[in-house]
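Observations on the model geometry
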Amino acid sequence: MRNRIYSMADQTDPFSVPPRSLWQLQMDPDRARRFALTSTPFILAVAFVYLLDLGLAYFQVPRQNVLGWGAFALLVVMFKPQMFKRPPWRFLFILLAAFLALRYLIWRTTVSLVYTGFWDFVGMSALYLAEVYAMIVHFLGLSVNLWPMRNRPALLPSDRGLFPTVDVLIPTYNEADDIIRVTAIAATQLDYPKEKLRIYLCDDGGTLAKRNTSDTSEAAWQRHYRLRRMARDLGIRYLTRESNRSAKAGNINHALQHTDGDLILTLDCDHVPTRDFLSRTVEYFLADPKLFLVQTPHFFINPSPVEGSLSGTGNPSAESDMFYREIHRSLDFWNASYYCGSAAVLRRAHLDKVGGLSGSTITEDAETALKLHCAGYNSAYMDMPMVCGLAPDNYDNYVLQRTRWAQGMTQMLVLHNPLTIPGLTVMQRLCYFNSCFFWLFGFARIMFYIAPALFLLFGLKIYHVSLGLILSIAAPYVLSTFFVMDYFYGRTRQPFFSEIYESVQAIFLLPAVLAVMLNPTKPSFKVTLKGQSQQQEALNSRATIFAVVIVICVLSLFAAVVRWLDFPAQRDTILVTGVWCAYNLFLACASLGAFWERRKVRGHYRINVREPIRLSFPRLRTELEGQSTDIALTGMGFFVKLPHPPVERERVSITVPLGDGTLYTFDAQLQRIIATGGGYACGAKFLLDQDSYPQAVSHVYGHSSRWLKFWVRNSSNPGTLLMLQKLLVLGAKGAVFSLLLLAQHFGAALASAWRRVGFAIRKPAEAVA
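A few points on the structure. (Residues numbered from 1 in each chain as written. Predicted model: local features only at pLDDT ≥ 70, side-chain atom pairs only at ≥ 80, totals over all residues. Heavy atoms only, no water.)

Looking now at the overall build of the chain. Tallying secondary structure elements over the chain gives 23 helices and 21 strands in all. The 769 residues of the chain split such that 57% are buried. Put simply, 80% of the contacts in the chain that link residues at least 6 apart link residues at least 24 apart. Total accessible area computed for the chain in this model is approximately 32,900 Å², and 62% of it derives from carbon and sulfur atoms. (Helix = DSSP H or I, 4+ residues; strand = E, 2+ residues; numbered from the N terminus. Buried < 20%, exposed > 50% of the residue type's maximum accessible area, 1.4 Å probe, protein only. Contact = heavy atoms within 4.5 Å. Areas by Shrake-Rupley, 256 points an atom, 1.4 Å probe, with all protein chains shown as cover.)

In structure tokens form, the structure reads like this:
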């Protein structure tokens, strides 16, 4: 039995309620799970019998209109009010969504598949398989999201002697020293008994093998000495090993052999922990002896490339929010929350039972969790952001990171199929299978892009429908998927943004996933670079493929007009594929717009915060109240009303009192002054030394309440239409830019070919002369 502190899926702020006693609610999650497991299958079985009866009956349009649009209308009524997001109404919503989906699948399978020729059959089969894939993912999503769980912060016992010992492992490979230093300093500031806390810097960039290899020797020796000196200065331990075998998993396993703490906190070297990380997570291990993991969200201080392209427009949710704020809570209900490689605490004893971190795939974190769940151990997820990390700065690193995730999860699917591996519950199997199977979306997304063009441009008959059945059966299902997405993930994902995120990845991930299926052991671990600069705004070269997609969609729409005039008997299909193609054009244009990479030259990201501060100006001999506007590790922006104008380069003392009673004071120098709103908007640079630098780290990164406010703020998603409009404008601009570039390359290639032909003609002529 899992003794857990929890609350069910209420949509209120989970941390507005004070932490509860550890033993107060420990039985309720199991009761909830038993209720779901006993009642829900019965309800779904009855619904399935009814749906099967519909599938065997004639698909008469009037009857199907009532069924389809009636169920859809109920979904529309239920998808926004909060009362319908809790059981038992949540079950009814999921049942209606499943009804529309299964009804469409039965009709699509039994009515619309018609053989009219070999190439028609190939195209029709590919599209049908893509739809079946999407349907499986849809049903898995409905099952996994049946009843999300929310764990509340726990309270450590008052007797500090009961605290377990904790080893903090910070693996690093090629990251910049400044990034590593910030995380290491924050780890030393964790609110935990110092005699029970040990911190290790695990350096895989200074291994003996690298130091003894001529190509890397000099850089590896320099890094080895720098990081060892950094560890000594910070009072932490430095570890390295002989080789880089098994990448990150091997690095951590080597550290496990040289440490002995009861619990292990793993932090990527760009994941800066808040001071309360351990005080909010360690208690769970005291409550449940079978618990092997407490995973927390990965919160990022900088925007992903897609979010960065929307800077200044609307309030785009972080791409990772949907997984860490919604999906992972649902996984937790089924005891299927898995290790995400960082911002997590693991129990050493259980980890040792499975031989440490697994290394047969390049997603060693999820693979390790899978093995521990198979061994009968439990996991927990606490949905409170307590680390601040760096997301990839550009699309090349973004695609590299997603490729590693896609290949690693596909390796898990092939090498350790969750559906057949022993030891898991039925729902754990489905949860893990869903997490792996999702990464095959590249095939479906590409197929949905090209399907209407196959008919409109080449005349392939791949979708045999009548407009009446499309409107009565297909349309309610397709529209319902948008409402289901908003119902489950509306706080963390704006409409159409999931399609855009998938689009910008699909074309690049599909070859990588297919390569894994052909050779599951081939992929190797590649580190994602972080903290890179961008000197000027630019369109990433990967966007060119979407310019080609846009051209194909435009040509297809012209072909639709021609076919409409020439083939009146096909107008139902032409109308459907034409609308479909127009939607693809919208997605392709928006996706291309997301490939614009903004200029980034700051060494540290600024965080927009509004907090009261006190300012002391020695020149004016006065102390005034002000308000911060943004903060960074090296400075602060603030607004203040002064009796006299401040002077550039003027010294100022800034005191920041936080709500928890913490007080920070920094000496600073004004760098920027703008008169506005009856006061002055100023930018100040902190004058930091060896003693005050850790204070700046604590001020910026040490308080989880600040990251929680960001989460709450991002739950409001205003400006969706403005953001889509901006992406479309950027996409149109990018399409013109890409097409001109392609034309330039084509012209250069044509000129080069013409010169070679001319040379080939002239050479024999000269020989004859």
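Picking up where we left off.
Moving on, we get to the sheet that holds strand S7 (residues 272–273). Pairing is mixed in the open sheet, where three strands are placed in the order S7-S12-S9. At either end of the open sheet lies a strand with only one pairing partner, and these are S7 and strand S9 (299–300). Here S9 pairs with strand S12 (residues 387–389) via two bridges, running parallel. Bridging across to S12, Phe299 finds its partner in Cys388. (Pairing = 2+ DSSP bridges.)

A few words now on the sheet that holds strand S10 (residues 344–347). Taken in spatial order, the seven strands make up an open sheet running S5-S4-S3-S6-S10-S8-S11, and their pairing is mixed. Each edge of the sheet is formed by a strand with only one pairing partner; in this case those strands are strand S5 (237–239) and strand S11 (378–381). Each strand of the sheet is rotated relative to its neighbour by a mean of 20°, with strand direction disregarded. In terms of strand pairing, strand S8 (residues 291–295) meets S11 through four bridges, oriented parallel. Across the sheet, Leu293 pairs through a bridge with Ser379, a residue of S11. The strands touched by helix H8 (residues 247–257) are strand S3 (166–172), strand S4 (197–203), S5 and strand S6 (263–266); relative to S3, the strand with the most contacts, the crossing angle is about 145°. (Axes fitted to C-alpha atoms, helices over the stretch in contact; angles between N-to-C directions.)

Let's shift gears to unusual backbone geometry. For the bond running from Pro87 to Pro88, omega is 5°, close enough to zero to count as cis. Here Pro88 shows up in the loop between helix H2 (61–78) and helix H3 (89–110). Although it is not a glycine, Ala343 sits at a positive phi angle of roughly 55°. When you line up the elements, Ala343 lands in the loop between helix H11 (321–333) and S10. Residue classification places Ala343 among the buried residues on the basis of a relative accessible area of 0%. Of note, Arg649 is a non-glycine position whose phi angle comes to about 70°, a positive value. The topology assignment puts Arg649 in the loop between strand S18 (635–640) and strand S19 (651–657).

Put simply, helix H14 (residues 395–415) and helix H15 (residues 426–437) touch, their axes get as near as 8 Å, and they point 130° apart. Taken together, the axes of H14 and H15 lie oblique to each other. Taken as a pair, H14 and H15 cross one another with a handedness that is left-handed. Side by side, H14 and H15 meet where Met409, Met412 and Leu413 of the first sit next to Tyr432, Phe433, Ser435 and Cys436 of the second. Considering only residue class, the contact of H14 with H15 consists of six nonpolar, one polar and no charged. (Parallel < 35°, antiparallel > 145°, perpendicular 65-115°, else oblique. Left-handed = near helix turned anticlockwise from the far one by under 90°. Nonpolar A, V, L, I, M, F, W, Y, C, P; charged D, E, K, R; others polar.)

To continue, consider the environment of Gly734. Looking at the secondary structure, you find Gly734 in helix H23 (residues 720–768). For the pair Gly734 and Leu539, spaced 195 residues apart in the sequence, the C-alpha separation amounts to 6.9 Å. For Gly734, the contacting residues outside a window of four places in its chain are Leu539, Leu592 and Trp596.

The nonpolar side chains of a soluble globular protein tend to be buried with one another. If you look at the biggest cluster of nonpolar residues, it comprises 141 residues, and the most contacted ones within it are Trp107, Tyr463, Phe638, Ile654 and Tyr701. With 11 residues, H3 is the single largest residue contributor to this core. The contacts of Tyr463, once residues within four sequence positions are left out, are Tyr104, Trp107, Arg108, Leu127, Glu131, Ile470, Ala474 and Thr573. (Core = buried A, V, L, I, M, F, W, Y, C linked by side-chain atoms within 4.5 Å.)

With that settled, consider the pairing of S19. Regular strands place their side chains on alternate faces of the sheet. Strand direction decides the pairing type here: strand S16 (residues 612–617) and S19, joined by three bridges, are antiparallel. By the bridge assignment, Arg614 is partnered in S19 with Thr655. Across seven bridges, S19 lies against strand S20 (residues 663–676) in antiparallel orientation. Looking at S20, one finds that Arg651 is bridged to Gln669. What sits between the antiparallel neighbours S19 and S20 is a turn of five residues, in which Gly661 has the positive phi angle 95°.

Moving on to the pattern of salt bridges. Taken as a whole and judged by the stated rule, the model has 20 salt bridges. Measuring nitrogen to oxygen at the nearest pair gives 2.7 Å for the salt bridge that ties Arg198 to Asp260. Residue Arg198 is found in strand S4, and its partner Asp260 is found in the loop between H8 and S6; the two are separated by 62 residues along the sequence. Take Arg198: its relative accessible area is 18%, and that puts it in the buried class. Classification of Asp260 as exposed rests on a relative accessible area of 56%. Among the salt bridges present, the one from Asp203 reaches Arg223, with a minimum N-O distance of 3.1 Å. With Asp203 in strand S4 and Arg223 in helix H7 (residues 217–234), the pair connects residues that are 20 residues apart, well separated along the chain. Residue Asp203 shares its accessibility class with Arg223, and that shared class is buried. Here the salt bridges do not stand alone but share partners, grouping Asp167, Arg198, Asp260 and Arg348 into one network. (Salt bridge = Lys/Arg side-chain N within 4 Å of Asp/Glu carboxyl O.)

This paragraph deals with the side chain of Thr165. Secondary-structure assignment places Thr165 in the loop between strand S2 (149–150) and S3. In this structure Thr165 comes out as buried when scored by relative accessible area, which is 18%. At a separation of 2.9 Å, a polar atom in the side chain of Thr165 contacts the main-chain amide nitrogen of Asp262. (Polar contact = N/O pair within 3.5 Å; in protein donor to acceptor, adjacent residues only side chain to side chain.)

The next thing to look at is helix H21 (residues 693–701). Three or four residues apart is the spacing at which side chains of an α-helix point the same way, because the helix has 3.6 residues per turn. By the criterion of burial, H21 is predominantly enclosed, with seven of the nine residues buried. Looking at H21, one finds that the buried residues are Tyr693, Ala696, Val697, Ser698, His699, Val700 and Tyr701.

Here H15 is 12 residues long and its end C-alpha atoms lie 16 Å apart, about the 16 Å a rise of 1.5 Å per residue gives. Counting buried positions along H15 gives 10 out of 12 residues, so the element sits mostly inside the fold. Inspection of H15 places Met427, Gln428, Arg429, Cys431, Tyr432, Phe433, Asn434, Ser435, Cys436 and Phe437 among the buried residues, and these make up the whole buried set. (Expected span 1.5 Å × (residues − 1).)

It is worth spelling out the packing of aromatic side chains at this point. Per the stated rule, a full pass over the model turns up 40 aromatic pairs. An aromatic cluster of three or more residues is present, and its members are Tyr395, Tyr398, Phe508, Phe546 and Phe595. Residue placement shows Lys85 over the ring face of Tyr487; its charged tip is 5.8 Å from the ring centre. Just above the ring of Phe455 sits the side chain of Arg563; from NZ or CZ to the centre is 5.1 Å. (Phe/Tyr/Trp six-rings, centres within 6.5 Å; stacked < 30°, edge-to-face > 60°. Lys NZ or Arg CZ within 6 Å of the ring centre and 35° of its normal.)

A word on the pairing of S4. In terms of burial, S4 is a largely internal element, seven of the seven residues being buried. A two-sided burial pattern is seen for S4, the buried positions comprising Leu197, Ile199, Leu201 and Asp203 on one face and Arg198, Tyr200 and Cys202 on the other. Inspection of the sheet shows S3 paired to S4 by seven bridges, in the parallel sense. Pairing of Ile170 across the sheet is with Leu201, part of S4.

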